[in-house]
Amino acid sequence: MAGLNKSEFANPVINWIDTRLPIFTMMQKEYGVFPTPKNFNYFWNFGALAMVNLMIMIITGIFLAMNYQPNTQLAFDSVQHIMRDVNYGWLIRYVHQNGASMFFIVTYIHIFRGLYYGSYKTPRELLWMLGVVILILMMATAFMGYVLPWGQMSYWGATVITNLFSAFPIVGPKIVTLLWGGFSVDNPTLNRFFALHYLLPFVLVGVIFLHVAALHITGSNNPLGIDVKTPQDTLPFHPYYTVKDSVGICVYLIVFSALVFFAPNYLGDPNNFIPANPLVTPADIVPEWYFLPFYAILRSVPNKLLGVCMMFGSLLVMFVLPWLDTSRVRSARFRPIYKWFILLWVVAVVVLGVCGAHKPEGIWVILSRVSTLYYFLHFLVIMPVVGKLERPLPLPESISKPVLGGRGGGPMPAGAAAKPMEKA
Amino acid sequence: MADSSAAAHHAAPDGVTKRDLLQLIAGAGAAIGAGAIAWPLIDSMNPSKDVLALSSVDVDLAPVVEGQGITIVWQGKPIFVRHRTATEIKEAQDVKLSQLIDPTLGLDKERVKPGHDQWIILIGICTHLGCVPLGNKPSDPRGEWGGWFCPCHGSQYDTSGRVRHGPAPLNLALPPYAFESDTKIKVG
């Protein structure tokens, strides 16, 4: 339906633009007065943090691309050129390199938040599924980015990960040749990985836009997991959550800076300081830390195809989570039994990560098998069964009740709670 | 925006509140932070250390015979080195400033090093829109004034590299250089 927007902005320039293209009205609606549950804890910072992290990655990445050469003869040296010759190149690269780790830390906590407080449940299923798409795209992007410096770990990581597809019967080897653009990981592979590594973040921006759009339809979940019932349960996003997010961003940047300035290579692998050599595989080959749990799942299965299927399955199972969880109570705070299972699942993932960092021998094989078993058992059996059997604790009547009663949120500005929509 | 209701409680008679100050400080802090973040990114686009390291080149003039010109590369730009004949030197020296489009560094003696009248050394980039003029090879068209002729838009330069026919507005620029011996120069 066509028609000019009736803009309420006083500034004549903003008003003129807003009448014709209501971006200011939209921003005001979605990020200014947007009614947000007033009982968020700091776990709700991590979506905004992930957004900030993506912007940091895109910006530093664009400047790195100005100096990087996606050619097997030049790639390794061009990264050294960035580190030594380009003004502040060391800073930009270390921010980008550690930014990947920060991105996964932030995203994993964001996902844990969703799992613990049941953010994936109706009506937020699609929102959650878009999140899983984001996670998979992020992993693909991170993997291809890790290949670009063309060190030993880059090269052998690329070889091993692309070879995962060879596990599939009949078409497997054809897919691998297609991915490589040849008969081994080589220049065509590096070239296309660079092209895709530059493309995918912008695809991510698109999917994240949908993720946020869906969020603004359903509204945010909250630590109590109950629906917003009245305006008294909400606060305008600005200034309450812009400020709360800013506090989180400051802490996040402190951690990020500590990593970049004091331990920039702590999370990296020394083997990647050796230029890629297609004839020699490094003695200890491990992926970056954020892939370790999945790597451990892959190795815990003594069958090639099954291992690959389990590894991909560990991600794909996330898509059907909203239908595997049979409990209608969202927040694990009110689920006395399930609460311990989901925390145990976190322990299993951490154990898998530790197993992934060790050679698959002795105790590590057993631990990774038990953890893998629990990973799937949790989603496929415990979730549906516990949801049926468990008797949840009584839910609060509304978000306002426990907040004002002193559970969690702390004291609230009385005026703001009473009239959250006013002026804004 | 949203602060007005809360701020109203603390409003001073003139309408200025503590919150205005806090907002200004927060805004200023964010602006300084953004600038501090932007600077390394912008500076990374400046010439890198390896580019700066290529800032000078040595040229051996001995093989360049009278009437011949060579083109060398300095900072990615063509540098014209021409060994002028006596006639060309005479032509260049006889020009009066009033005949020139651009009288800046217009005298021939200002355009060569003292005692090295036969060597004219110029940045070979047309001052109009950056093409490389023809004329450094004896087989090239050199234009009416016997120097250089730009194929892009027809600008013409004389044997001292001064613009004599537009649209170029300025004389060919002189690179910084010095004679290290009679047959050797360092450009840059």
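Values in this document were obtained by computation on a predicted structure and should not be read as measured data.

The rules behind each value
Residues numbered from 1 in each chain as written. Chains lettered and ligands numbered in written order. Predicted model: local features only at pLDDT ≥ 70, side-chain atom pairs only at ≥ 80, totals over all residues. Heavy atoms only, no water. Helix = DSSP H or I, 4+ residues; strand = E, 2+ residues; numbered from the N terminus. Rg over C-alpha atoms; globule rule 2.2 N^0.38 Å. Buried < 20%, exposed > 50% of the residue type's maximum accessible area, 1.4 Å probe, protein only. Contact = heavy atoms within 4.5 Å. Disulfide = S-S within 2.5 Å. Pairing = 2+ DSSP bridges. Axes fitted to C-alpha atoms, helices over the stretch in contact; angles between N-to-C directions. Domains from an automatic or database assignment. Expected span 1.5 Å × (residues − 1). Arc of directions from axis to C-beta. Salt bridge = Lys/Arg side-chain N within 4 Å of Asp/Glu carboxyl O.

When its secondary structure is counted, chain B shows five helices and nine strands. Along the chain direction, N to C, the helices and strands of chain B fall in the order α-α-α-β-β-β-α-α-β-β-β-β-β-β. For chain B, whose C-alpha radius of gyration is 28 Å, the value lies well above the compact-globule estimate of 16 Å for 188 residues. Dimensions of chain B, computed from the C-alpha atoms along their principal axes, are close to 90 × 35 × 30 Å. Out of the 188 residues belonging to chain B, those deemed buried represent 36%.

Of note, Thr36(A) is situated in strand S1 (residues 35-37). In this view, Thr36(A) contacts Asp233(A), Thr234(A), Leu235(A), Phe237(A) and Tyr241(A); residues no more than four positions away in its chain are not counted.

Let us look at the state of the cysteines. All names here are of chain B. Throughout the structure, instances matching the rule amount to one disulfide over all chains. Each disulfide pairs two cysteine sulfurs, and for cysteine 131 the partner residue is cysteine 152, the sulfurs being separated by 2.0 Å. Taking the sign of the torsion about the S-S bond as the criterion, the disulfide between cysteine 131 and cysteine 152, at about -95°, is left-handed. Here cysteine 152 lies in the loop between strand S5 (146-149) and strand S6 (156-158) and cysteine 131 lies in the loop between strand S4 (119-123) and S5, a separation of 21 residues in the sequence.

Now for the pairing of strand S9 (residues 184-187) of chain B. All names here are of chain B. Burial of the side chains of S9 is restricted to one face: Ile185 and Val187 are buried, whereas none of Lys184 and Lys186 on the reverse face is. Inspection of the sheet shows strand S1 (residues 57-60) paired to S9 by four bridges, in the antiparallel sense. Each bridged residue has a counterpart across the sheet, and for valine 57 the counterpart in S9 is valine 187. Here strand S8 (residues 177-181) pairs with S9 via four bridges, running antiparallel. For alanine 178, the partnering residue across the bridge sits in S9 and is lysine 186. From the end of S8 to the start of S9, which pair antiparallel, there are two residues.

Right, let's get into the sheet that holds S9(B). Residues and elements named next belong to chain B. Across the sheet, three strands lie side by side as S1-S9-S8; this open sheet has antiparallel pairing. The open sheet has two edge strands with one neighbour each: S1 and S8. Between one strand axis and the next, the sheet turns by 25° as a mean value, whatever way the strands run.

As assigned here, chain B comprises domain 1 (2-43) and domain 2 (51-187). Here domain 1 of chain B and domain 2 of chain B have C-alpha centroids that lie 57 Å from each other.

Below, the discussion takes up helix H14 (residues 338-357) of chain A. Residue and element names in this part refer to chain A. The terminal C-alpha atoms of H14, which comprises 20 residues, lie 29 Å apart, in line with the 28 Å expected from a rise of 1.5 Å per residue. Taken together, the buried positions of H14 are occupied by Tyr338, Ile342, Trp345, Ala348, Leu352, Gly353, Cys355 and Gly356. Angularly, the buried residues of H14 cover 165° about the axis, an arc narrow enough to put them on a single face. Exposed residues on H14 whose side chains face more than 90 degrees from its buried face are Trp340 and Val350. Looking at the buried positions of H14, the neighbouring elements they touch are helix H5 (89-116), helix H11 (292-300) and helix H15 (363-389).

What follows concerns the pattern of salt bridges. Opposite charge on two side chains allows them to pair when their charged atoms are near. In this structure the tally under the stated criterion is 13 salt bridges over all chains. As a salt-bridge pair, Asp325(A) and Lys121(A) come within 3.1 Å of each other at their nearest N and O atoms. Note that Asp325(A) is positioned in the loop between helix H13 (321-324) and H14 and Lys121(A) in the loop between H5 and helix H6 (125-147), a separation of 204 residues in sequence. Judged by its relative accessible area of 5%, Lys121(A) is buried. Between Glu88(B) and Arg82(B) there is a salt bridge, with its nearest N and O atoms 3.4 Å apart. Neither residue differs from the other here; Glu88(B) and Arg82(B) are each classed as buried. Beyond isolated ion pairs, a larger network of salt bridges with shared partners links Lys121(A), Asp325(A), Arg335(A) and Glu390(A).

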